[in-house]
Amino acid sequence: DGGITQSPKYLFRKEGQNVTLSCEQNLNHDAMYWYRQDPGQGLRLIYYSQIVNDFQKGDIAEGYSVSREKKESFPLTVTSAQKNPTAFYLCASSTHSPSGGQTQYFGPGTRLLVL
Amino acid sequence: AQSVSQHNHHVILSEAASLELGCNYSYGGTVNLFWYVQYPGQHLQLLLKYFSGDPLVKGIKGFEAEFIKSKFSFNLRKPSVQWSDTAEYFCAVIQGTGRRALTFGSGTRLQVQP
């Protein structure tokens, strides 16, 4: 069954703690992305990776870190430097179409809550 | 920086009413345009997309959108909504060059009353 999986579905973070959100895809997509969704603000880009072992900061990268050691995996770490981490986190992946466009497909998301 | 504006934050319609949701973007060059939908408790799903060619694109569930380059717009339409269309709708853009990641609008919450 192909798709994008994110775990856990819910994650609780204590003050000063780093937590890692998992994102795995078996679609053989080269590019992967992390977005943060807050009510009334749409989705904002945290980090993205076009190929293995390479990634770029998005619009709100402060307080987050990523790695891309495997094509299938793009974990996101929310560090203690992120002062307002409560949000819904969405992972996406994409491939290129013959027409040159790029369609992103999304995972089910992880909701992060601060204790 | 690229920005995307969705003018309607919350829309309430009765079943069978027509729908049009506005979307404007700021980038003047080549763009790829998307509408995504998020049904309550479900994944973000692709509704339709425009890469090139015919500016009127048709998507799933009877939705369509028209790309008007001169107005930097990509409005979503449906002639007759159903209760099951209740969801949040997001317009998104990728620039043709440079950063290859989506810029999203803030979303429009559609509520369809039976």
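So, how was this worked out
Residues numbered from 1 in each chain as written. Chains lettered and ligands numbered in written order. Predicted model: local features only at pLDDT ≥ 70, side-chain atom pairs only at ≥ 80, totals over all residues. Heavy atoms only, no water. Helix = DSSP H or I, 4+ residues; strand = E, 2+ residues; numbered from the N terminus. Rg over C-alpha atoms; globule rule 2.2 N^0.38 Å. Buried < 20%, exposed > 50% of the residue type's maximum accessible area, 1.4 Å probe, protein only. Contact = heavy atoms within 4.5 Å. Buried area = accessible area lost by both parts, 1.4 Å probe. Salt bridge = Lys/Arg side-chain N within 4 Å of Asp/Glu carboxyl O. Nonpolar A, V, L, I, M, F, W, Y, C, P; charged D, E, K, R; others polar. Phe/Tyr/Trp six-rings, centres within 6.5 Å; stacked < 30°, edge-to-face > 60°. Pairing = 2+ DSSP bridges. Axes fitted to C-alpha atoms, helices over the stretch in contact; angles between N-to-C directions. Disulfide = S-S within 2.5 Å.

Asker: I would appreciate a short explanation of the overall build of chain A in the present structure.
Answerer: When you go through chain A residue by residue, the secondary structure sums to zero helices and 11 strands. For chain A, the N- to C-terminal ordering of α and β elements is β-β-β-β-β-β-β-β-β-β-β. In terms of overall dimensions, chain A is globule-like: its C-alpha atoms have a radius of gyration of 14 Å, near the 13 Å expected for 115 residues. Each of the three principal axes of chain A carries a C-alpha extent, and together these read 45 × 30 × 25 Å. When each of the 115 residues of chain A is scored for burial, the buried share is 50%. For chain A, restricting intrachain contacts to residue pairs at least 6 apart in sequence, the fraction spanning at least 24 positions comes to 52%.

Asker: Honestly, the interface of chain B and chain A in this entry has me stumped. Any pointers?
Answerer: Size of an interface, as often reported, equals the accessible area lost when the parts are brought together. The interface of chain B with chain A comprises 18 residues on the first partner and 23 residues on the second. Across the chain B/chain A interface, buried area totals approximately 1,700 Å², and carbon plus sulfur atoms make up 54% of it. At the junction of chain B and chain A, the tally comes to zero salt bridges. Every element with two or more residues in the side of chain B that touches chain A is listed here: β5 (31–38), β6 (44–50) and β10 (87–95) of chain B. Per-element accounting of the side of chain B that touches chain A gives the leading share, four residues, to β5(B). The residue makeup of the side of chain B that touches chain A, split by class, is 10 nonpolar, five polar and three charged.

Asker: In this structure, what is going on with the pattern of salt bridges? I would like to understand it.
Answerer: Residues and elements named next belong to chain B. If you walk through the whole model with that rule in mind, you get eight salt bridges over all chains. Among the ionic pairs, E64 bridges to R77, the shortest N-O distance being 3.4 Å. You can see E64 sitting in strand β8 (residues 64–68) and its partner R77 sitting in strand β9 (residues 73–78), a full 13 residues away along the chain. For E64, a relative accessible area of 18% translates into the label buried. Linking K78 and D85 is a salt bridge whose minimum nitrogen-to-oxygen distance equals 2.9 Å. Each of the two residues, K78 as well as D85, counts as buried. Connected through salt bridges with shared partners, the residues K58, E64, E66 and R77 form a single ionic network.

Asker: What am I meant to see in the packing of aromatic side chains here?
Answerer: Each pair of aromatic rings is reported with the distance of its centres and the angle of its planes. Applying the stated criterion across every chain, the model contains 16 aromatic pairs over all chains. Each ring, one from Y47(A) and one from F55(A), has its centre 5.9 Å from the other, and the planes form 80°; the classification is edge-to-face. Among the residues examined, Y47(A) registers a relative accessible area of 7% and is labelled buried. Cluster of aromatic residues (ring-pair linked, three or more members): Y33(A), Y35(A), Y48(A), F106(A), F34(B), Y36(B), F51(B), F90(B) and F104(B).

Asker: Please explain the sheet that holds strand β1 (residues 4–7) of chain A as it appears in this structure.
Answerer: What holds strands together in a sheet is hydrogen bonding between their backbones, with the strands either parallel or antiparallel. Residues and elements named next belong to chain A. Strands sit in the order β1-β3-β8-β7 across an open sheet of four strands; the sheet is antiparallel. In the strand order of this sheet, the two ends are held by β1 and β7 (64–66), each with one partner. Along the sheet, successive strands turn relative to each other by an average axial angle of 20°, direction set aside. As paired strands, β7 and strand β8 (residues 76–78) are joined by three bridges and run antiparallel to one another. The residue of β8 that forms the bridge with V66 is L76.

Asker: I tried to follow the state of the cysteines on my own but got confused; where do I start?
Answerer: Any covalent bond linking the sulfur atoms of two cysteines counts as a disulfide. Residue and element names in this part refer to chain A. All told, the structure shown has two disulfides over all chains when counted by the stated rule. The disulfide bridge from C23 ends at C91, spanning 1.9 Å between sulfur atoms. With the S-S bond torsion at -75°, the cross-link from C23 to C91 turns out left-handed. Of this pair, C23 sits in strand β3 (residues 19–25) while C91 is found in strand β9 (residues 87–96), placing the two residues 68 residues apart along the sequence.

Asker: Mind showing me how you'd approach unusual backbone geometry here?
Answerer: Trans peptide bonds make up most of the peptide bonds, and negative phi angles are found at most residues other than glycine. Cis geometry is adopted by the peptide bond preceding P8(A), which originates at S7(A) and carries an omega value of -5°. Phi is positive for N28(A), close to 60°, though the residue is something other than glycine. If you trace the backbone, N28(A) turns up in the loop between β3 and β4 (31–37). For N28(A), a relative accessible area of 56% puts it in the exposed group. Look at K61(B): it is not a glycine, yet its phi comes out positive at around 60°.

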